[in-house]
Amino acid sequence: MTRTLATSHGWVAQGTALCAGALADADLEAPSSLPGWTRKHVAAHLSNNAEALGNLVHWARTGEERRMYTSPEQRNSDIEAGSQRPADELLQRFQVTAQTLAEAMSELTEEQWQAQVRSAQGRPIPATEVAWMRSMEVMIHAVDLDTGITFADLPADFLEELCADIRAKSEADPQVHGPLHQRAAYLTGRPYEDVLRPDGQPAPPPPPWL
């Protein structure tokens, strides 16, 4: 499929709703499916990410350079600090930061959406990528919260775009086959089943995609 800004916005809304529901009903002190992270870590990261992407929206709107994070160390320390907040505060912060980002994105003009900004890795990107980046965050981390949501619960068109995007940006083997939701889990480095090479053998773990 050809990803559009409108489809990315739709996926952001769907993923945000999934995360909000999962966070509201979960024990946030419990482990997530990400090694070393509780659900509080995931919640803190999602809020920090909304603010970081908001920096890129500001950059696109004003022309004033504003990077997502000052450094990887700052990003990690902010997640750790955020994970120590009370659960109700984390939930409220997730809702506020998600809404603030959505409103900021809605105010960009067509020309501003074409402005060049930079990803957290320093890669030059058009501002249109911000919505896609946020959709990946909320969709994938809805699964990582480990509250029962799986890749099979995510929209098929999103999973197709996700797989295509990862293959374009990494050395992942495009020849693996299996159910779409399992291939998406495989390519994102999450637990997977039934992903095979063309010779029918289990696919080896893919290289990191971020």
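Quick look at the structure, then. (Residues numbered from 1 in each chain as written. Predicted model: local features only at pLDDT ≥ 70, side-chain atom pairs only at ≥ 80, totals over all residues. Heavy atoms only, no water.)

Glancing now at the state of the cysteines. Counted by the stated rule, this structure contains zero disulfides. C163 supplies the cysteine sulfur nearest to C19, a cysteine that is in no disulfide, at a spacing of 19 Å. By relative accessible area, C163 is classed as buried at 3%. (Disulfide = S-S within 2.5 Å. Buried < 20%, exposed > 50% of the residue type's maximum accessible area, 1.4 Å probe, protein only.)

Turning our eyes to something else, we now look at the packing of helix α4 (residues 87–106) against helix α6 (residues 128–144). Look at α4 against α6: their axes get within 11 Å of each other, and the N-to-C directions meet at 155°. As judged from the angle between their axes, α4 and α6 are roughly antiparallel. For the element pair α4 and α6, the recorded crossing hand is left-handed. Between α4 and α6, the contacting residues are F94, A98, L101 and M105 on the first element and V130, A131 and R134 on the second. Here the contact of α4 with α6 is built from residues that sort into six nonpolar, no polar and one charged. (Axes fitted to C-alpha atoms, helices over the stretch in contact; angles between N-to-C directions. Helix = DSSP H or I, 4+ residues; strand = E, 2+ residues; numbered from the N terminus. Parallel < 35°, antiparallel > 145°, perpendicular 65-115°, else oblique. Left-handed = near helix turned anticlockwise from the far one by under 90°. Contact = heavy atoms within 4.5 Å. Nonpolar A, V, L, I, M, F, W, Y, C, P; charged D, E, K, R; others polar.)

This brings us to the nonpolar core. Among the nonpolar cores identified, the biggest contains 58 residues, and M136, F151, F158 and L162 are the most heavily contacted of them. Of all the secondary-structure elements, those providing two or more residues to this core are α1 (5–25), α2 (39–62), α4, α6, α7 (156–169) and α8 (180–187). In terms of residue count, the dominant contributor to this core is α2 (11 residues). Setting aside residues no more than four positions away along its own chain, L162 makes contact with W132, M136, I140, F151, A184, T188 and W209. (Core = buried A, V, L, I, M, F, W, Y, C linked by side-chain atoms within 4.5 Å.)

Let us look at the environment of Q175. Among the secondary structure elements, Q175 is positioned in the loop between α7 and α8. Distance from Q175 to A142, taken between C-alpha atoms, is 27 Å for residues 33 residues apart in sequence.

Next up on the list: the packing of aromatic side chains. On inspection of all chains with the given rule, the structure shows four aromatic pairs. Ring geometry for W11 versus F158: centroids 5.6 Å apart, planes at 75°, classification edge-to-face. With a gap of 147 residues between them, W11 in helix α1 and F158 in helix α7 connect regions that are remote in the sequence. Owing to a relative accessible area of 2%, W11 belongs among the buried residues under this scheme. A residue is classified by how much of its surface remains accessible, and F158, at 0% relative accessible area, is buried. (Phe/Tyr/Trp six-rings, centres within 6.5 Å; stacked < 30°, edge-to-face > 60°.)

Right, let's get into unusual backbone geometry. Here the phi dihedral of D146 falls at roughly 60°; this positive angle occurs in a residue that is not glycine. The residue D194 is not glycine, and still its phi comes out positive at about 60°. Here D194 shows up in the segment after α8. We classify D194 as exposed; its relative accessible area is 55%.

What follows deals with the environment of E129. The topology assignment puts E129 in helix α6. Note on E129: relative accessible area 12%, which makes it buried. The sequence separation of E129 and G148 amounts to 19 residues, and the corresponding C-alpha distance is 29 Å. Ignoring anything within four residues of it in the chain, the contact list for E129 reads R3 and K169.

Attention shifts here to α4. Taking 1.5 Å per residue as the helical rise, α4 with its 20 residues ought to reach 28 Å, and the 29 Å between its terminal C-alpha atoms agrees with that figure. What α4 keeps buried is the set L90, L91, R93, F94, T97, A98, L101, A104 and M105. Within α4, the buried residues cover an arc of 165° as seen down the axis, which keeps them to one side. Away from the buried face of α4 by more than 90 degrees, exposed residues D88, Q92 and S106 are located. (Expected span 1.5 Å × (residues − 1). Arc of directions from axis to C-beta.)

Note that H45 resides in helix α2. What H45 contacts, discounting residues up to four positions off in sequence, is W37, Y69, R75, I79, E137 and H141.

Turning our attention to the pattern of salt bridges. This model, assessed by the stated rule, comprises 11 salt bridges. With a closest N to O distance of 2.4 Å, E129 and R3 form a salt bridge. You can see E129 sitting in helix α6 and its partner R3 sitting in the segment before α1, a full 126 residues away along the chain. Take R3: its relative accessible area is 22%, and that puts it in the partly exposed class. (Salt bridge = Lys/Arg side-chain N within 4 Å of Asp/Glu carboxyl O.)

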